[in-house]
Amino acid sequence: MILSILIGLPIVGAVLVGFFPQEKVTKTLSLLVSLTVFIFSLTLYSGFDLSDAGFQFKEQMDLVSRFGIHYSVGIDGISLWLVLLTTFMTPLVVLGSFGAIVENTRGFYASVLLMEASIIGTLVSTDLFLFYLFWELMLIPAFFLIGVWGGPNRAKATVKFVLFTMLGSLLMLVALLYVTHEVKSFDYVKILEHFFPEDVQFWCFLAFSLAFLIKVPLFPFHGWLPDAYTEAPASGTVLLSAVLVKLGAYGLLRFCIPLFPNASKDFAPWIMVLAVAGVVHGALMASIQTDFKRLAAYSSLSHMGLIVLGIFTFSLTGLQGGVLQMIGHGVYMAGLFLLIGMLYERRQSHEMEAFGGIAKLVPALSAAFLWMIVAAAGLPGFAGFPGEILILTSSYKSAPVLALLAISGFVLSAWYLFNFYGKVFLGPIKKKENQKLADLSLRECLTLLPLAVAVLWIGLNPNFFLRPMEKSLQLNVIEKLKPPPVMTDFAAQQRRIQEAVEQEKRGR
């Protein structure tokens, strides 16, 4: 029941938020619900069997039995950390938005809780109909978070976000319906056991991967990202950058590679090239920005390219590095965007020229920024380092030229991040308006402290995160890429008999 609680509790909380017109009650209730969900989610790790590579905490019941649609959920080592990242991030988003969201607070916190429920539902669904339902449901709260509480260009950003994601989703729906029709089931485990012909793999991989690569987003499918990140409120940007885009990489691991292994191997060189192009393009674009929220958006794009590169090395080291980088990227980018939001609340500007020398005025805020920047730059001992090393090591073995180009992107990232820090925080105080800037409040410190600790914990103890995912990646991804053994006539006959028996049972 634990997974159903993690999905259902935020939905109940979102509904209850609508019944309380008082802003203080709305905030408190949202925070309590999100904290409760996080506490419940910790039982997933404590009860997780490291020796089991399959799905755990499974729940199943019929939804539309006539069409074989079930409420079927479970987690493995791939989805475990992304679920925990989501539940960890949501209460911090709620707490961090207390001072920023002043209009229609009920709608905002209801949208945040619905976003949490839909993301968790997407990650734990083992029925493809249920997966697609939650996948599309995510668009609704994301639409409102950007379109209602966003900046002055929010309409343009919202339209681009919806058009990009809907295009990929519609293509995936066509492929999903074809796949489930071929297997005569929406059950992911049954579909995973089915081997699709080469031409089917080609087109289905293309449709699924396009939806996921838009969500990542991978260059050149990233057109929605800069505007959406810049215009969304800081808390909305945290959900987008820390959690939502990870579902694109998760989809590649869960569906594209295991279901269509031959097509994955055929497309891998091209996707790796695009991933490195994204790393370099994001770094170059970030280095010329004067708006530091847009700088962080392009930096996020660059780092997501590295995650895709790691996934398509098809090595255990690269895959583990990719998942670990998803977690680390989620934490330090959340910290950066929350801090950018806090700075914007004080000065109503994202322009570097509006600041300068403010470290003397807000030492705690400047120290927190430096902490997250160091993590984003990939310094040893912080969250960005172990995932990057694993990815670059594995990619160097398979594609050394691409690995070297990716390294150049991260040399650039260190330059533009520290250049931003120097312009905003160091040197003489340039603007008189900044003399009245307030340092971090107690609430802001409480919001940032868990992220600061997590950044260090991931950097110093990566094995804590690597162990649970190892067997699942080995069984559910790497093993699927190996050529299937040639079946003897006897084995093929036994499989046909077994399938006939199962079909007869279903007919009864």
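To be clear, the structure that these remarks concern was listed above.
An account of the accompanying structure is given in this report. (Residues numbered from 1 in each chain as written. Predicted model: local features only at pLDDT ≥ 70, side-chain atom pairs only at ≥ 80, totals over all residues. Heavy atoms only, no water.)

A word on the pairing of strand β1 (residues 56-64). On any regular strand, side chains alternate: one points to one face of the sheet, the next to the other face. Sheet topology places β1 next to strand β2 (residues 69-75); six bridges connect them, and they run antiparallel. Its bridge partner being in β2, Asp-62 is matched across the sheet by His-70. Where β1 folds back onto β2 in an antiparallel hairpin, the turn is made up of four residues, including Gly-68, whose phi is positive at roughly 70°. (Pairing = 2+ DSSP bridges. Helix = DSSP H or I, 4+ residues; strand = E, 2+ residues; numbered from the N terminus.)

Right, let's get into the pairing of β2. Across the seven residues of β2, seven count as buried, placing the element largely inside the fold. The alternating pattern of β2 places Ile-69, Tyr-71, Val-73 and Ile-75 on one face and His-70, Ser-72 and Gly-74 on the opposite face, and all of these are buried. (Buried < 20%, exposed > 50% of the residue type's maximum accessible area, 1.4 Å probe, protein only.)

With 15 residues, helix α17 (residues 384-398) extends 22 Å from end C-alpha to end C-alpha; this agrees with the ideal 21 Å at 1.5 Å per step. The set of residues buried in α17 consists of Gly-384, Pro-386, Gly-387, Glu-388, Ile-391, Leu-392, Ser-394 and Ser-395. Packing partners of the buried residues in α17 comprise α14 (292-311), α15 (316-347), α16 (363-376), α18 (400-425) and α19 (442-460). (Expected span 1.5 Å × (residues − 1). Contact = heavy atoms within 4.5 Å.)

Right, let's get into empty space enclosed by the protein. Counted according to the given criterion, the structure contains three cavities of 30 Å³ or more. In this structure, the largest cavity occupies an estimated 40 Å³ of space. Lining the largest cavity we find Phe-292, Leu-295, Ala-296, Leu-336, Ile-340, Ile-373, Leu-417 and Phe-420. Taken together, the elements giving at least two residues each to the lining of the largest cavity come down to α14, α15 and α18. Here the element with the most residues in the lining of the largest cavity is α14; it accounts for three residues. Class assignment for the residues of the lining of the largest cavity results in eight nonpolar, no polar and no charged. (1 Å grid on protein atoms, 1.4 Å probe; cavity = no way out; pocket = protein on both sides within 12 Å on 5 of 7 lines; lining within 4 Å. Points joined across faces, edges and corners; volume = space filled by probe spheres on them. Nonpolar A, V, L, I, M, F, W, Y, C, P; charged D, E, K, R; others polar.)

The next subject is unusual backbone geometry. Of note, the amide linkage connecting Val-216 to Pro-217 takes the cis form, showing an omega dihedral of -10°. With respect to the secondary-structure elements, Pro-217 resides in the loop between α9 (198-215) and α10 (225-231). Note the cis peptide between Phe-219 and Pro-220, where omega equals 5°. Checked against the element boundaries, Pro-220 lands in the loop between α9 and α10. For Phe-57, which is not glycine, the phi torsion reads 55° and is therefore positive. Following the sequence through the fold, Phe-57 ends up in strand β1. Using a relative accessible area of 25% as the deciding quantity, one classes Phe-57 as partly exposed. Phi angles above zero are rare outside glycine, and Lys-184 is one such case at about 65°. Within the secondary structure layout, Lys-184 lies in the loop between α7 (154-183) and α8 (188-193). Residue classification places Lys-184 among the exposed residues on the basis of a relative accessible area of 61%.

Mapped onto the secondary structure, Lys-27 falls in helix α2 (residues 23-46). According to the relative accessible area criterion, Lys-27 is buried, its value standing at 14%. When near neighbours in sequence (up to four residues on either side) are disregarded, Lys-27 contacts Val-94, Phe-98 and Tyr-109.

Another aspect to go through is the packing of helix α4 (residues 105-124) against helix α5 (residues 128-137). For the pair α4 and α5, the least separation of the axes is 8 Å and the interaxial angle reads 150°. With respect to their mutual orientation, α4 and α5 come out roughly antiparallel. Taken as a pair, α4 and α5 cross one another with a handedness that is left-handed. Each of Ala-117, Ser-118, Gly-121 and Thr-122 in α4 lies in contact with α5, whose residues at this interface are Phe-131, Phe-134, Trp-135 and Leu-137. The residue makeup of the contact of α4 with α5, split by class, is five nonpolar, three polar and no charged. (Axes fitted to C-alpha atoms, helices over the stretch in contact; angles between N-to-C directions. Parallel < 35°, antiparallel > 145°, perpendicular 65-115°, else oblique. Left-handed = near helix turned anticlockwise from the far one by under 90°.)

A cluster of nonpolar residues, Ile-11, Val-12, Val-15, Leu-16, Phe-19, Phe-20, Val-25 and Leu-114, forms a patch on the protein surface that exposes about 650 Å² of accessible area. The element best represented in the nonpolar patch is helix α1 (residues 2-17), accounting for four residues. Inspection of the secondary structure puts Val-12 in helix α1. (Patch = residues over 30% accessible without salt bridge, like charges linked within 9 Å, V, L, I, M, F, W, Y side chains within 5 Å. Areas by Shrake-Rupley, 256 points an atom, 1.4 Å probe, with all protein chains shown as cover. Salt bridge = Lys/Arg side-chain N within 4 Å of Asp/Glu carboxyl O.)

Time to look at the state of the cysteines. Counted according to the given criterion, the structure contains zero disulfides. Note on Cys-204: no disulfide assigned, nearest cysteine sulfur contributed by Cys-256 at a separation of 10 Å. (Disulfide = S-S within 2.5 Å.)

With that settled, consider the nonpolar core. In this structure, Met-89, Phe-312 and Phe-369 are the most contacted members of the largest nonpolar core, which totals 183 residues. It is α15 that provides the largest number of residues to this core, a total of 16 residues. Excluding its chain neighbours within four sequence positions, the residues that come into contact with Phe-312 are Phe-205, Leu-252, Ser-264, Ala-268, Ile-271 and Met-272. (Core = buried A, V, L, I, M, F, W, Y, C linked by side-chain atoms within 4.5 Å.)

Bringing the pattern of salt bridges into the picture now. Applying the stated criterion across every chain, the model contains four salt bridges. One salt bridge connects Arg-346 with Glu-444, and the closest N-O pair in it is separated by 2.7 Å. Of this pair, Arg-346 sits in helix α15 while Glu-444 sits in helix α19, and the two are 98 residues apart along the sequence. Using a relative accessible area of 3% as the deciding quantity, one classes Glu-444 as buried. Within this structure, Lys-160, Asp-227 and Arg-294 form a network of salt bridges that share partners.

Estimates place the volume of the second largest pocket at around 670 Å³. Taken together, 29 residues make up the lining of the second largest pocket; nearest its centre are Trp-149, Gly-150, Gly-151, Pro-233 and Tyr-344. Where the lining of the second largest pocket is concerned, the elements lending two or more residues are α10, α11 (234-244) and α15. Counting residues per element, the lining of the second largest pocket draws most heavily on α15, which supplies five residues. For the lining of the second largest pocket, the class distribution of residues is 12 nonpolar, 11 polar and six charged.

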